[in-house]
Amino acid sequence: MPAQRKQSPSSPATSRTSPGGSATAVSPAVAARIRQLAAQAEHRRAIAEFRACHDADQQARTNALLQEAIAALASLLGAERH
């Protein structure tokens, strides 16, 4: 079995900059978990955006149907008066 390659400490997957500005080494497993959590957060954000757009579209369809129903009732009521 070949030996695992060590990633460079300056590799983006293995280094993070702390708020103080100094880079700290991160193990490959931690880097993988960070990527996984970032991907999950992006997925959740995409789902939330889709649901918001879907809900807005649904509300627009409901409003359009309601306006059509009001117009139909108004025309029926107007026809009864003449």
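Procedures and definitions
Residues numbered from 1 in each chain as written. Predicted model: local features only at pLDDT ≥ 70, side-chain atom pairs only at ≥ 80, totals over all residues. Heavy atoms only, no water. Helix = DSSP H or I, 4+ residues; strand = E, 2+ residues; numbered from the N terminus. Buried < 20%, exposed > 50% of the residue type's maximum accessible area, 1.4 Å probe, protein only. Areas by Shrake-Rupley, 256 points an atom, 1.4 Å probe, with all protein chains shown as cover. Salt bridge = Lys/Arg side-chain N within 4 Å of Asp/Glu carboxyl O. pLDDT = per-residue confidence, 0-100.

## Some words on the overall build of the protein
Next up, step 1: Within the protein, the secondary structure is distributed over one helix and two strands.
Next up, step 2: Element order for the protein, N to C, with α for helix and β for strand: β-β-α.
Next up, step 3: Out of the 82 residues belonging to the protein, those deemed buried represent 6%.
Next up, step 4: Accessible surface, the protein as shown: approximately 7,300 Å² in total, 60% of it carbon and sulfur.

## Digging into the pattern of salt bridges
Next up, step 1: Scanning the entire structure with this criterion turns up two salt bridges.
Next up, step 2: Across the pair arginine 45 and glutamate 42 runs a salt bridge, and its minimum N-O distance is 2.7 Å. Placement of the pair is arginine 45 and glutamate 42 together in helix α1 (residues 28-81), with a separation of three residues, close to one helical turn.
Next up, step 3: The class of arginine 45 is partly exposed, set by a relative accessible area of 43%.

## With respect to the confidence of the model for the protein
Next up, step 1: Looking at the protein as a whole, its pLDDT mean stands at 84, while 70% of the residues score no less than 70.
Next up, step 2: Of all helices and strands in the protein, the one with the weakest mean pLDDT is strand β1 (residues 15-17) (55), whereas α1 scores best (96).

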